[in-house]
Amino acid sequence: MRKLIYSLSVSLDGFVETLDRKIDWVIVDEELHTFFNDQAREKGAFLHGRRMYELMAEYWPTADLVPTNTAIEIDFARIWKSTPKIVFSKTLDKVAWNSRLVRDNAVEEIKKLKAQPGKDMDVGGATLAASCIEHGLVDEYQLFVNPVVLGAGTPFFPALPNSINLRLIETKKFSSGVVYLRYKSAEK
Amino acid sequence: MRKLIMWNLVTLDGYFEGAKPWEIDWHEYVWGEELEQLSLEQLKSADMLLFGRVTYQGMATYWTTATGETGEIADFMNSIPKVVFSRTLEKADWNNTRLVKANAEGEVAKLKQQSGKNILIFGSANLSSTLMQHGLIDEYRLAVVPVVLGAGNPLFKPSPERVRMKLLETKRLKSGGVILSYAPDGKQ
């Protein structure tokens with residue numbers, strides 16, 4: 001059974017973006033970007049909601065063609081393009097860059113994907129992840145806690161009818177002040 | 001200049017208590033000898049506690065009732081000078097308490113100017129929010145508990161302004177809790 005990992009940068013007050021969807025506060029220096037790349041490299045697939053797909057597709061497909069971009073960025077661009085992506089959206093017409101569009105039954109599709117052999121999968125952003133969490137599909141939570149209190153925004157975790165017990169499996173302090181907290185679901 | 005330190009146990013989804021007041025049974029996940037020791041050291045570094053009304057009333061009941069705690073922490077809690085900020089509280093009976101009915105920000109600024117040891121604030125999320133917005137909190141110490149509650153009372157209240165922080169320290173507890181300490185950026 002493949003693992004589904006939900007991994008995002010969050011503010012200290014638990015938001016992944018501001019109310020007007022800004023992520024200008026998210027720290028992505030060389031140290032963090034290298035870490036993100038190494039994690040992405042190990043994934044068998046990226047599961048994206050529409051907004052996340054659009055955000056990624058806006059920048060990464062051509063980032064490796066820009067000579068002034070850093071080696072780390074160029075590396076990530078190649079990882080993103082070459083890793084199979086499944087995009088869950090009822091409204092998108094088509095997707096590109098090694099992506100498959102799924103319009104309905106996201107939860108069923110994700111259950112099927114998890115049952116397939118292969119490397120672990122990453123889900124993002126918060127809207128798609130919320131569905132996954134509600135259906136007990138997320139095996140690991142990875143939070144990159146940024147040293148900022150935003151005051152409002154889209155939360156990393158959705159409201160839930162029951163609490164989820166977790167087990168801390170890893171922590172890492174980055175020189176920028178970002179703290180990486182990695183948890184697995186305690187029930188698994 | 002005394003330091004005002006906010007100390008709280010907080011769930012991974014940012015709540016300091018559950019949906020019902022004083023729903024804090026999830027503290028058990030991280031409470032133990034290690035955290036008790038740290039709490040005691042923290043109390044010994046201080047000579048004053050600040051409270052909002054709700055936290056004050058709950059703590060007063062807890063620490064003074066016969067079936068409550070005994071021992072060093074209880075002695076500290078009961079004897080240490082306390083200030084409760086409330087417009088509506090008529091009297092504050094817990095040993096060694098001063099009641100302040102207005103202008104919390106002004107009063108706290110004055111207290112910080114006095115010489116003395118650290119000042120601590122627990123719970124008291126509304127009061128903390130006011131003090132935070134006035135730049136009066138010098139350190140935020142959060143013990144992140146490995147649980148997603150799904151609903152509750154957020155520690156950080158909605159606010160129009162971002163507050164940049166600087167990470168001071170991280171400490172991983174044997175229980176799976178992680179203590180994160182921050183100072184508002186520019187204050188260290």
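Definitions and cut-offs
Every chain is numbered independently, its residues counted from 1 as its sequence is written. Chains carry letters and ligands carry numbers; both start at the beginning, A for chains and 1 for ligands, and go up in the order they are written. Per-residue local features of the predicted model are confined to residues with pLDDT of at least 70, and side-chain atom pairs are confined, for both listing and counting, to 80 or more; whole-chain, interface and lining totals are unaffected and use all residues. Values shown for side chains rest on all heavy atoms present in the structure; no hydrogens or waters enter the calculation. For this analysis, a ring pair means two rings from Phe, Tyr or Trp (six-membered ring only for Trp) whose centres lie within 6.5 Å, classed as stacked if their planes differ by under 30 degrees, edge-to-face if by over 60, and tilted for the remaining angles. Exposed residues in this analysis have more than 50% of their type's maximum accessible area, buried residues have under 20%, and partly exposed residues fall in between, with area computed by a 1.4 Å probe over protein chains only. Remark: a charge is flagged as sitting over a ring if the NZ atom of Lys or the CZ atom of Arg is within 6 Å of the ring centre and within 35 degrees of the ring normal. Salt bridge criterion: a side-chain nitrogen from Lys or Arg within 4 Å of a carboxyl oxygen from Asp or Glu. Secondary structure is summarised from DSSP: a helix means a run of H or I of at least four residues, a strand means a run of E of at least two, and numbering begins at the N terminus for each.

**Student:** I keep staring at the packing of aromatic side chains and nothing clicks. Help me out?
**Tutor:** We describe a pair of aromatic rings using the distance from one ring centre to the other and the angle between the two ring planes. All names here are of chain A. Evaluated as defined, the whole model comprises 17 aromatic pairs over all chains. Considering the side-chain rings of Tyr 59 and Trp 60, the 4.8 Å spacing of their centres and the 90° angle between planes classify their relative orientation as edge-to-face. Residue classification places Trp 60 among the buried positions, given a relative accessible area of 10%. Here a set of aromatic residues connected by ring pairs shows up, and it is made of Phe 35, Phe 36, Phe 144, Phe 174 and Tyr 180. For the cation-ring pair, Lys 172 lies above Phe 174, with the distance from its terminal atom to the ring centre recorded as 5.2 Å.

**Student:** What is the right way to read the pattern of salt bridges from this model?
**Tutor:** Pairing between side chains of opposite charge can happen when their charged atoms approach one another. Residues and elements named next belong to chain A. Here the structure, examined in full by the defined rule, presents 27 salt bridges over all chains. Here Arg 41 ties to Asp 38 by a salt bridge, and the two come within 2.9 Å at their closest N and O atoms. With Arg 41 and Asp 38 both in helix H1 (residues 30-41) and 3 residues apart, the pair spans about one turn of that helix. Two residues, Lys 81 and Asp 64, come together in a salt bridge whose shortest N-O distance is 3.1 Å. Of this pair, Lys 81 sits in helix H3 (residues 71-82) while Asp 64 is found in the loop between helix H2 (50-59) and H3, placing the two residues 17 residues apart along the sequence. Residue Asp 64 is classed as buried on the basis of its relative accessible area of 15%. One connected set of salt bridges, linked through shared partners, spans Lys 3, Asp 120, Glu 140, Glu 170 and Arg 182.

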